[in-house]
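So the chains spell out like this:
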Amino acid sequence: MDGQSELRRHASTDDKTDHGPSPISSDHQRQPSSSGAGYDVPDEFVNVAEVSSTGPVQNWDERRIYRHESLEESRSRDQEYMRTQAAQRRSSTRSARETVPQIDEEKQDTKPQVSKLATQIYTISYLILFSIFGTLARLGLQAITFYPGAPVAFSSVWPNFAGSLVMGFLSEDRMLFRHEWGTATYDQQLAKAQNEDGGDVDLVAAKKAHLATKKTIPMYVGLATGFCGSFTSFSSFIRDVFLSLSNDLPSPDLGNTTISRNGGYSFEALLAVILTTVSLSLTGLFVGAHLAIALEKFTPTIPFETTRKVGDRIAVFLAFGCWAGAIILSAIPPDRFSHGLGAAETWRGRATFALVFAPLGCLARFYASMYLNGKIASFPLGTFAVNIGGTAILAMAWDIAHVPDGGVIGCQVLQGIEDGFCGCLTTVSTWVSELAALRRKHSYFYGTTSVVVALACMVAIMGGLRWSQGFAGLVCLH
């Protein structure tokens, strides 16, 4: 079954009973298209949070009757699909043992096809490459957050907003990967709907089918999971929540110093950080989705042939080359010996160590989502686990870096773990997209549990040092 026939199947479904597209079938994933090969996508990819079949905006054409498909429904459908695929594979194995296959070489499909191993290599390469880009974007945006008179004085809010905005755009965009498997099937459905004979075409189903299809493309997985997930950071968000509670958030108007205050103001500051971050991140998600819909006529398209034959292969060399370059720069910074411990050397060391650890955090999040998110439909366990685990690791690294004793290199490594590994292991863009997709009571429970448990970890780990000895200044900043 090719992409066009798959879309026809979805387009024939009445909107009142449509429950969205089924996860991409095995045939749809693996059958070569007319102009290139398809990716042999592992079935487990449907569990990755950023690759779910629900988008922020489900009522594209603003119909009066609006049906919202929750993440729980999508997850249940995905699990049913995986069980069906496993049963089919077992049945095929038994049939193969009982019969001798007759091979007709003339009828074999000679078109090239990307194997499952190659698909995984391409996906991992994109994740590594875009995790480095996402980390650089986050560090750069954090660096320009503090200025005199800044209305928001904590560094995590703008990267979380920007990353969520990009996530929303990618979720609703239908132009970047318009050609899908080499054929612009969505364009064909749109043209059919504009003709007199197109009255039976369901554009909502066609758009959902396109949404499900593009999420089997390694470059898209790299952009959504690698870049957006690494651009945003849940652990940095919770760190800022704790610092607001402990009155340790620096103020640019006071020379990065703090003044004493009572507990009521500290609680108000804690609520301000939580509400500002969550509301702005959710706003960014929906604004990005609306921008993708509004700019559909102007958004360029990435050529399918370029992606398959050039982009995928270059990504492998770029990803591992950039990662190796970051390791070399961390081992031998260019100006360590010429300028001693000057300001230029210290920021470079912290940035390069962050790039060394970033791909490890991103890959850990990807595989945790793959194997854990499908366990409980109403509670994304994979995203919860990496957010809590990354927050705990950041708290431990923060404590070690802020004890009175320590060296510059050790401080830079710890900063790299915080900004790179923990920053990419945890994610806000995925978290808020899940909050937007879950049913209301499940969304509030999931969101509140994530913040409360993560903050409890911060209080237990960082609070012990803060309220006993106090935080010492970072050696790598002096």
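Preceding block: the structure.
All values derive from a computational prediction rather than experimental measurement.

**Considering the overall build of the protein**
A tally of helices and strands in the protein yields 16 helices and zero strands. Split by element, the accessible area of the protein, about 21300 Å² in all, is 62% carbon and sulfur.

**Some points on the pattern of salt bridges**
Applying the stated criterion to the full structure yields three salt bridges. Glu 296 is the partner of Arg 174 in a salt bridge, and the nearest nitrogen-oxygen pair spans 2.7 Å. Linking Arg 174 in the loop between helix H5 (157-172) and helix H6 (185-194) with Glu 296 in the loop between helix H10 (263-294) and helix H11 (304-331), this pair joins segments that are 122 residues apart in sequence. Of the two residues, Arg 174 and Glu 296, neither departs from the other in class, the shared state being buried. Asp 240 is the salt-bridge partner of Arg 239, the closest N and O atoms lying 3.3 Å from each other. A residue is classified by how much of its surface remains accessible, and Arg 239, at 9% relative accessible area, is buried.

**Notes on the packing of helix H13 (residues 381-401) against helix H16 (residues 440-466)**
To characterise two packed helices, one gives the angle between the axes of the helices and the distance between these axes. Axis separation between H13 and H16 bottoms out at 9 Å; the angle between their running directions is 15°. One element, H13, and the other, H16, form an angle in the roughly parallel class. Seen along the crossing, H13 lies across H16 with a hand that is right-handed. Residues Thr 383, Phe 384, Ile 388, Thr 391, Ala 392, Leu 394, Ala 395, Met 396, Trp 398 and Asp 399 of H13 pack against Tyr 446, Thr 449, Ser 450, Val 453, Ala 454, Cys 457, Met 458, Ile 461, Met 462 and Leu 465 of H16. A breakdown of the residues in the contact of H13 with H16 according to their chemical character gives 15 nonpolar, four polar and one charged.

Basis of the calculations
Residues numbered from 1 in each chain as written. Predicted model: local features only at pLDDT ≥ 70, side-chain atom pairs only at ≥ 80, totals over all residues. Heavy atoms only, no water. Helix = DSSP H or I, 4+ residues; strand = E, 2+ residues; numbered from the N terminus. Areas by Shrake-Rupley, 256 points an atom, 1.4 Å probe, with all protein chains shown as cover. Salt bridge = Lys/Arg side-chain N within 4 Å of Asp/Glu carboxyl O. Buried < 20%, exposed > 50% of the residue type's maximum accessible area, 1.4 Å probe, protein only. Axes fitted to C-alpha atoms, helices over the stretch in contact; angles between N-to-C directions. Parallel < 35°, antiparallel > 145°, perpendicular 65-115°, else oblique. Left-handed = near helix turned anticlockwise from the far one by under 90°. Contact = heavy atoms within 4.5 Å. Nonpolar A, V, L, I, M, F, W, Y, C, P; charged D, E, K, R; others polar.

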